[in-house]
Amino acid sequence: MNQIDLHGLSHLEVPDKVENFILMTETPFRIITGYSPTMRNIVIKVLEEHNFQYHIPVFNQGEIVVV
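Residues numbered from 1 in each chain as written. Predicted model: local features only at pLDDT ≥ 70, side-chain atom pairs only at ≥ 80, totals over all residues. Heavy atoms only, no water.

**Q** Help me understand the pairing of strand E1 (residues 2-5), please; the structure alone is not making it clear to me.
**A** Remark: a regular strand shows side chains that alternate across the two faces of the sheet. Across four bridges, the pairing between E1 and strand E2 (residues 29-32) is parallel. Within E2, the residue paired with Ile4 across the bridge is Ile31. (Pairing = 2+ DSSP bridges. Helix = DSSP H or I, 4+ residues; strand = E, 2+ residues; numbered from the N terminus.)

In structure tokens, the structure reads:
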């Protein structure tokens, strides 16, 4: 499964990086957010703007899986 790891990126960089990744990658894929609620919310906002279906695994809440 393809993935993007957002560790080390600033919150300002994330929307553009995530948008480019999700529009260029076939589902399913994984977005590694870490445990930052702010980072997770930024990613979710971008996913919802583009109508992607996603879930946050119970066993690893530091990632979002897009299906």
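**Q** Just checking my understanding: could you explain the pairing of E2 for this structure?
**A** On the question of chirality, the crossover connecting E1 to the parallel E2 by way of helix H1 (residues 14-24) is right-handed. Summarising the sheet, E2 and strand E4 (residues 63-66) pair through four bridges and their orientation is antiparallel. Following the sheet pairing, Arg30 is matched in E4 by Val65. (Right-handed = clockwise from strand over helix to strand, strands pointing away.)

**Q** Could you clarify how one ought to interpret H1 in this entry?
**A** In an α-helix, one full turn covers 3.6 residues, which means residues spaced three or four apart are oriented alike. Three or more residues of H1 are buried, namely Val14, Val18, Phe21 and Ile22. Here the buried residues of H1 occupy an arc of 95 degrees about the axis, which is enough to place them on one side. Along H1, the residues that are exposed and aim more than 90 degrees away from the buried face are Asp16, Asn20, Leu23 and Met24. The inward-facing, buried residues of H1 abut E1, E2 and helix H2 (37-49). (Buried < 20%, exposed > 50% of the residue type's maximum accessible area, 1.4 Å probe, protein only. Arc of directions from axis to C-beta. Contact = heavy atoms within 4.5 Å.)

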